[in-house]
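Working through the structure, step by step
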Amino acid sequence: MGKLRNRLGRATLALVCALVSSAASTSVPDATPYEPPMPPVQRCMNLSSALEAPYEGDWGYTIRNEDIDRLKEAGFDTIRLPVRWSAHAGRWGRYKLNKGLLARTDAIIDYAMSRDMNVILNVHHYSELNNWPWRHERRLEGIWKQLAAHYEDYPDRLIFEIVNEPNGKMTVQRTDALNKRVVARIRKTQPDRWIVLATAEWGSIAGLLQSQPPSDPRIILSWHYYEPFVFTHQGAEFFRPTPPIGTNWGDTADVDRIAKDFRLAAAFRDKHNLPLLLGEFGVFDAAPVEQRAKWIGSVRHLAEANGFGWCHWGLSSNFRSYDADKEAWIEPVRAALLDD
Ligand code: GLC
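Position numbers for residues start from 1 in each chain and track the written sequence from start to end. A pLDDT threshold of at least 70 governs which residues receive local features in this predicted model, and a stricter bar of 80 or more applies before side-chain atom pairs are shown or counted, although totals over entire chains, interfaces and linings include all residues. Working from all heavy atoms in the structure, the side-chain values ignore hydrogens and water.

Topic: the overall build of the protein
Quick note on the threshold: Helical segments are the DSSP runs of H or I of at least four residues, strand segments are the runs of E of at least two, and each set is numbered from the N terminus. Three labels apply to residues, based on accessible area from a 1.4 Å probe with only protein chains included: buried if under 20% of the type maximum, exposed if over 50%, partly exposed otherwise in between. It only takes one pair of heavy atoms within 4.5 Å for two residues to be counted as in contact.
Helix and strand content of the protein: 12 helices and 10 strands. Among the 340 residues that make up the protein, the fraction classed as buried is 50%. In the protein, the proportion of contacts linking residues at least 24 apart, taken out of those at least 6 apart, comes to 76%.

Structure below.
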């Protein structure tokens, strides 16, 4: 009996040792598993023309879960979600955000995260801010106070972008100062949240190069690229005067111009030691599709060669890469974005 107990004791000890050593070799140490820091955005699509319209659907596109599936399967790691919060927030007091819109953004963000996609949530089309910043900066801060609280417990995959394409009275100095104030507010509760900072002058390279970003290791600088504008916006009637259709693009000098701009942007990025995101680029649908694909492919390759993550503008409605009527990718555009 004593021997048996002894043997059982030894067997138990051996089992425990085996379990401990196998646990050590598979390194499952304690309750908090190690998570490597999330890499910033690499390949991203703007889910444009949906929530930056006054109401989703007004501009002919409503976001569907299948679109997020399709993006994931095609090789995108991130969606950028432009939202016109300013049309759905109170005008005074705490500038209360509309609960229905918050529930809608929750649903899109939750679904994208269930597919392991990052989401960049922004404030888009806040034109009153650009016209009357002295009245609206406080309101933007109030909007972010609520968004930061609402999404406080969301994982790092959710990225905030404070405001899209500041312009007009939102000068470089005003934009830098506002960015700093909103970052400080978010940092009170979320020291590790990635925050994208757009720069003044419509997020152009000119605005980027004049900006003075805060020193914060979880900032992503952002700029937009639509040069030459007369090419990328040919036939875009929302812009007046509308650039005429028929401008061609694609000789060596055209490509060199983009390469030069990208070198300047990369040098700025290196000086500030912060990741740089090409948050928007695209060509309006009136240009021939081969021309669109040529420009998009060149910009995307130059972005990757310079180490910039990028977000194509856009998916459906206009500046399209996907044809929702045919339920099919616009193949030359898809290939320009994703193929080697
Ligand atoms: C900006 C505008 C958007 C426009 C795009 C291309 O993001 O906010 O409305 O479609 O640039 O011009």
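Having seen the model, we can carry on.
Examining helix α2 (residues 65–74)
Every buried residue of α2 is accounted for by Asp67, Ile68, Asp69 and Leu71. If you follow the buried residues of α2, they end up packed against β1 (43–46), β2 (78–81), α3 (99–114) and β10 (328–329). Gly75 sits one or two residues past α2 and shows a positive phi near 120 degrees.

A few points about the state of the cysteines
Definition in use: In plain terms, two cysteine sulfur atoms within 2.5 Å form what is called a disulfide here.
By the definition in use, this model includes 1 disulfide. For Cys44, the disulfide goes to Cys311, at an S-S distance of 2.3 Å. Here the S-S torsion is close to 95 degrees, and the disulfide linking Cys44 with Cys311 is therefore right-handed. One end of the pair, Cys44, is in strand β1; the other, Cys311, is in strand β8 (residues 309–312), and 267 residues separate them in sequence. Classification of Cys44 by relative accessible area gives buried; the value is 0%. The class of Cys311 is buried, set by a relative accessible area of 0%.

Let's talk about the pattern of salt bridges
The criterion, for reference: Each salt bridge in this description consists of a side-chain nitrogen of Lys or Arg and a carboxyl oxygen of Asp or Glu lying within 4 Å of one another.
Applying the stated rule across the entire model yields 24 salt bridges. The closest approach of N and O atoms between Glu327 and Arg64, which form a salt bridge, is 2.7 Å. With Glu327 in the loop between β9 (322–323) and β10 and Arg64 in the loop between β1 and α2, this pair connects stretches of sequence that are 263 residues apart. You can call Arg64 partly exposed: its relative accessible area is 22%. Between Glu137 and Arg181 there is a salt bridge whose closest N-O contact spans 3.4 Å.

Examining the packing of helix α5 (residues 133–150) against helix α6 (residues 172–187)
Counted only if it meets this: The angle between two axes is taken between their N-to-C directions and runs from 0 to 180 degrees, where each axis is a line fitted to C-alpha atoms and a helix contributes only its stretch in contact. Every angle not falling under 35 degrees, over 145, or within 65 to 115 is termed oblique; those three ranges are roughly parallel, roughly antiparallel and roughly perpendicular. Helix crossings get a hand from a simple test, with the near helix turned counterclockwise from the far one by less than a right angle marking a left-handed crossing and a clockwise turn marking a right-handed one. Following the grouping adopted for this structure description, the nonpolar residues are Ala, Val, Leu, Ile, Met, Phe, Trp, Tyr, Cys and Pro, the charged ones are Asp, Glu, Lys and Arg, and the polar ones are all others, Gly among them.
α6 packs onto α5 with a crossing angle of 25 degrees between their chain directions and a minimal axis gap of 10 Å. By the criterion of interaxial angle, the relationship of α5 to α6 is roughly parallel. Considering the relative orientation of α5 and α6, their crossing is right-handed. Residues Pro133, Trp134, Glu137, Leu140, Glu141, Trp144, Lys145 and Ala148 of α5 touch α6, and the partners they reach there are Arg174, Leu178, Arg181, Val182, Arg185 and Ile186. A breakdown of the residues in the contact of α5 with α6 according to their chemical character gives 8 nonpolar, no polar and 6 charged.

Re unusual backbone geometry
Glycine aside, residues mostly have negative phi angles, and peptide bonds mostly take the trans form. Following Glu227, the chain continues to Pro228 via a peptide bond in cis, the omega torsion being -10 degrees. Look at the link from Arg240 to Pro241: it is a cis peptide, with omega at -5 degrees. Relative to the helices and strands, Pro241 is located in the loop between α9 (229–232) and α10 (252–272). Phi angles above zero are rare outside glycine, and Tyr95 is one such case at about 55 degrees. We classify Tyr95 as buried; its relative accessible area is 12%. Residues other than glycine seldom take positive phi values, yet Ser317 does so here, at roughly 70 degrees. Here Ser317 is to be found in the loop between β8 and β9. According to the relative accessible area criterion, Ser317 is partly exposed, its value standing at 29%.

Observations concerning the sheet that holds strand β5 (residues 195–197)
Note the threshold: When DSSP finds two or more bridges between a pair of strands, those strands are recorded as paired.
As summarised here, the arrangement of the 8 strands in space is β1-β2-β3-β4-β5-β6-β7-β8, forming a closed barrel in which the pairing is parallel. Within this sheet the neighbouring strands show an average axis-to-axis angle of 25 degrees, counted without direction. Taken together, the 3 bridges between β1 and β2 define a ladder with parallel strand orientation. Note that in β2 the partner of Met45 across the bridge is Ile79. Packed onto the sheet, helix α12 (residues 331–338) meets β1, β7 (276–281) and β8 and runs at close to 170 degrees relative to β8.

Observations regarding the confidence of the model for the protein
Counted only if it meets this: A residue's pLDDT is the confidence the predictor assigns to it, expressed on a 0 to 100 scale.
Put simply, the protein has an average pLDDT of 91, and 89% of its residues get 70 or more. Predicted confidence for residues 1–29 stays below pLDDT 50, and this span has 1 contact to residues more than four positions away or in other chains.

Concerning the packing of α10 against helix α11 (residues 289–305)
Two numbers describe a pair of packed helices, the interaxial angle and the distance between the axes. α11 packs onto α10 with a crossing angle of 30 degrees between their chain directions and a minimal axis gap of 10 Å. Taken as axis vectors, α10 and α11 run roughly parallel relative to one another. Where α10 crosses over α11, the two elements pack in a sense that is right-handed. Side by side, α10 and α11 meet where Val255, Ile258, Ala259 and Phe262 of the first sit next to Trp295, Val299, Leu302 and Ala303 of the second.

Regarding the pairing of strand β3 (residues 118–122)
When a strand is regular, its side chains alternate between the sheet's two faces. Quick reminder of the rule: A clockwise course of the path from the first strand over the helix to the second, judged with the strands pointing away from the viewer, identifies a crossover as right-handed.
For β3, a buried count of 5 out of 5 residues is recorded, marking the element as mostly surrounded by other parts of the structure. Both β2 and β3 contribute to a ladder of 4 bridges, which runs parallel. Across the sheet, the residue bridging to Arg80 is Ile120, located in β3. Handedness of the crossover is the feature at issue here: the chain leaves β2, passes through α3, returns alongside β3, and the resulting connection is right-handed.

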